[in-house]
Amino acid sequence: FPPFTHGTHVAGISGASTDNAMGIASIGFGISILPVKATPDLGNPNWIYYGYEGILWAFNHGAKIINCSWGGSTLSTPGKIVLNHVWDHGGVVVAAAGNTGNTQPQAKIYPAYHPTVVSVASTNMADKLSAFSTRNTSVDVSAPGEKILSLIPFGGYGTYDGTSMAAPLVSGLLGLMLSANPNLTNADLVHCLVSTID
């Protein structure tokens, strides 16, 4: 990805403006996006420096569904505390399962592997799991993640692949569900998602 385009692409999948005769239509018709910048301006654009701080900040500023199109192989105690706090107080964290291509349960990508997080694998245009997608028992759902067209900065569009693209489809869907029924609890939302999917 060109530097700092990843987040824009992800946000567009969840909540780009729809029915405006421009560009793409997102899954989360009419939802709001609260962008959180978790990498400093001079940081490596391929790293998330303050991911768990970003999750907590977003939740404390009203986000109900928090998308994490990023991950790593370890989870700190503060990270666990943040994820548990968000779930215990009614939020849902959705995360990319990772692009390891691994089926082994020890292939743990966090935050996706945490039990309170909805972990999303990627499917291809044939509705099969993408070869690159992590696909172990920690995965809760899968969504299209190959050749996904979305926004990139400064008015452009680009097509990217990855579980990073699959996760915001699920986040946008959860946002759409919540907008249809704001009284649903986080447990209701996740149960409805995983019990009714194909």
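Just above, that's the structure.
Report follows, based on the coordinates.

The rules we used
- Residues numbered from 1 in each chain as written.
- Predicted model: local features only at pLDDT ≥ 70, side-chain atom pairs only at ≥ 80, totals over all residues.
- Heavy atoms only, no water.
- Salt bridge = Lys/Arg side-chain N within 4 Å of Asp/Glu carboxyl O.
- Pairing = 2+ DSSP bridges.
- Helix = DSSP H or I, 4+ residues; strand = E, 2+ residues; numbered from the N terminus.
- Right-handed = clockwise from strand over helix to strand, strands pointing away.
- Phe/Tyr/Trp six-rings, centres within 6.5 Å; stacked < 30°, edge-to-face > 60°.
- Buried < 20%, exposed > 50% of the residue type's maximum accessible area, 1.4 Å probe, protein only.
- Core = buried A, V, L, I, M, F, W, Y, C linked by side-chain atoms within 4.5 Å.
- Contact = heavy atoms within 4.5 Å.

Before going further, it helps to spend a moment on the pattern of salt bridges. Enumeration according to the criterion identifies one salt bridge in this entry. The salt bridge involving D41 is made with K37; its shortest N-O contact spans 2.7 Å.

Sheet topology note: the strand β1 (residues 65-68)/strand β2 (residues 92-96) ladder contains four bridges and is parallel. Note on β2: the bridge partner recorded for I65 is V92. Following the backbone out of β1, through helix α3 (residues 77-88) and into the adjacent parallel β2, one traces a crossover that is right-handed.

Within this structure, the stated rule accounts for four aromatic pairs. Aromatic side chains Y52 and W70 sit 5.4 Å apart centroid to centroid with 80° between the ring planes, which places their arrangement in the edge-to-face category. You can see Y52 sitting in helix α2 (residues 51-60) and its partner W70 sitting in the loop between β1 and α3, a full 18 residues away along the chain. By relative accessible area, Y52 is classed as buried at 14%.

So, on to the nonpolar core. For soluble globular proteins, the rule of thumb is that nonpolar side chains tend to be buried together. Counting residues in hydrophobic clusters, the biggest one holds 23 residues, and the most contacted among them are V92, V94, V118, V120, V170 and L174. Mapped onto this core, the elements with two or more residues apiece are α1 (6-15), β2, β3 (117-123), β4 (141-144), α4 (163-180) and α5 (186-196). Aside from chain neighbours lying at most four places away, what touches V120 is V94, A95, A96, A97, V141, S142, A143, T163, A166, A167 and V170. Among the nonpolar cores identified, the runner-up in size contains 16 residues, and I55, V82, V93 and A112 belong to it.

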